[in-house]
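For reference, the chains in residue letters:
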Amino acid sequence: MEQTFIMIKPDGVQRGLVGEIIGRFEKKGFSLKGLKLLTVDKAFAEKHYSDLSSKPFFNGLVEYIISGPVVAMVWEGKNVVTTGRKIIGATNPAESAPGTIRGDFAIDIGRNVIHGSDAVESARKEIGLWFPEGAANWSSSLHPWIYE
Ligand code: IDP
Ligand code: MG
């Protein structure tokens, strides 16, 4: 089953959105396979965002991500990478539809509350980086009530 890496950024934690965000993924029917609150250092944040190292906002982005604790998660389910990105909404909250997490809870692109992997391959890399111990191995007894 497909997995994605979801991170509630420091602004989401500070603003008390952890429960709300977890609830949205949970109620959709996805399964939580990893969860931890941690503060990462600069080198770790730079590694997570290494694809964006040439962008003008890179340093600000790294400072933002290390500014406080984040909630790192692994979520599992059919098409969870693509659907997770839809639940999150567009990168710029000004363009995120109402009903999405960024559309409902964010205003500025540099304080957009949440990260979600953009492809199955990047999800695999990000889960490996954030959960070197591996994700949890359990299956929900609700499975037959969610999948046909
Ligand atoms: P994504 O988070 O929707 O996948 P990316 O393009 O991968 O968007 O960018 C990673 C993060 O970098 C964004 O979520 C946002 O926090 C930040 N970011 C992207 N573009 C800008 C920008 O133009 N100014 C400031 N921050 C940005
Ligand atoms: Mg991205």
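For every chain, the first residue of its written sequence is number 1, and the numbers climb from 1 along that sequence. Ligands are numbered from 1 and chains lettered from A, in the order in which they are written. Only residues with pLDDT of 70 or above have their local features reported here, since the model is predicted, and side-chain atom pairs are shown and tallied only from 80 upward, although totals for entire chains, interfaces and linings are computed over all residues. Just so you know, side-chain values use all the structure's heavy atoms and leave hydrogens and water out.

Regarding the UniProt feature "active site" (unreviewed entry) in the chain
What counts is decided by this rule: UniProt positions are given in the numbering used here, feature names are shortened, and annotations may be inferred rather than shown by experiment. Contacts are residue-level and defined by heavy atoms, with any inter-residue pair within 4.5 Å sufficient.
UniProt marks His115 with the feature "active site" (unreviewed entry), using the numbering shown here. With residues up to four places along the chain from it excluded, the contact list for His115 reads Phe5, Ile6, Met7, Lys9, His48, Tyr49, Ile88, Arg102 and Glu126.

A word on the UniProt feature "domain: Nucleoside diphosphate kinase-like" (unreviewed entry) in the chain
Under the convention used in this document: The way it works is that DSSP assigns letters per residue, a run of H or I at least four long becomes a helix, a run of E at least two long becomes a strand, and they are numbered from the N terminus.
In the UniProt entry, the feature "domain: Nucleoside diphosphate kinase-like" (unreviewed entry) is given for residues 1-138. End C-alpha to end C-alpha, residues 1-138 measures 12 Å, and it is 41% helix and 17% strand.

Focus on the confidence of the model for the chain
Inclusion rule: Every residue is assigned a pLDDT by the predictor, reflecting its confidence on a scale from 0 to 100.
For the chain, per-residue confidence averages 98 on the pLDDT scale, and residues scoring 70 or more make up 100% of the total. The complex model carries a pTM of 0.98, and its ipTM stands at 0.98.

Points about the nonpolar core
Definition in use: Working definition of a nonpolar core: buried Ala, Val, Leu, Ile, Met, Phe, Trp, Tyr and Cys residues. They are joined through side-chain atoms within 4.5 Å. Buried means the residue's accessible area, taken with a 1.4 Å probe over protein chains only, is under 20% of the maximum for its type, while exposed means over 50%, and partly exposed covers the values in between.
Among the nonpolar cores identified, the biggest contains 19 residues, and Ile21, Phe25, Trp75, Ile101 and Ile114 are the most heavily contacted of them. Those residues within four positions of Ile114 in sequence are excluded, and the remaining contacts are Ile6, Met7, Lys9, Ile21, Phe25, Ile88, Ile101 and Arg102. If you look at the next biggest cluster of nonpolar residues, it comprises 17 residues, including Met7, Tyr64, Leu129 and Trp130.

With respect to the site of ligand 1
The criterion, for reference: Here, proximity means that at least one heavy atom of the residue falls within 4 Å of the molecule or strand. Pairs of N or O atoms within 3.5 Å make up the polar contacts considered here, provided that, within protein, one atom can donate a hydrogen while the other can accept it, and that residues adjacent in sequence are counted only when both atoms are side-chain atoms. Throughout, the Shrake-Rupley method with a 1.4 Å probe supplies accessible areas, and for residues the shown protein chains are the sole cover considered. Ten residue types, Ala, Val, Leu, Ile, Met, Phe, Trp, Tyr, Cys and Pro, are classed as nonpolar, four, Asp, Glu, Lys and Arg, as charged, and the remainder, Gly among them, as polar.
Taken together, Lys9, Tyr49, Leu52, Phe57, Leu61, Arg85, Thr91, Arg102, Ile109, Gly110 and Asn112 make up all the residues around ligand 1. A distance of 2.9 Å separates an oxygen atom of ligand 1 from a polar side-chain atom of Lys9. Ile109 places a main-chain nitrogen or oxygen 3.3 Å from an oxygen atom of ligand 1. Contact with the protein chains hides 74% of the accessible area of ligand 1, taken as 530 Å² for the molecule alone. Taken together, the residues that form the shell around ligand 1 break down as 5 nonpolar, 3 polar and 3 charged.

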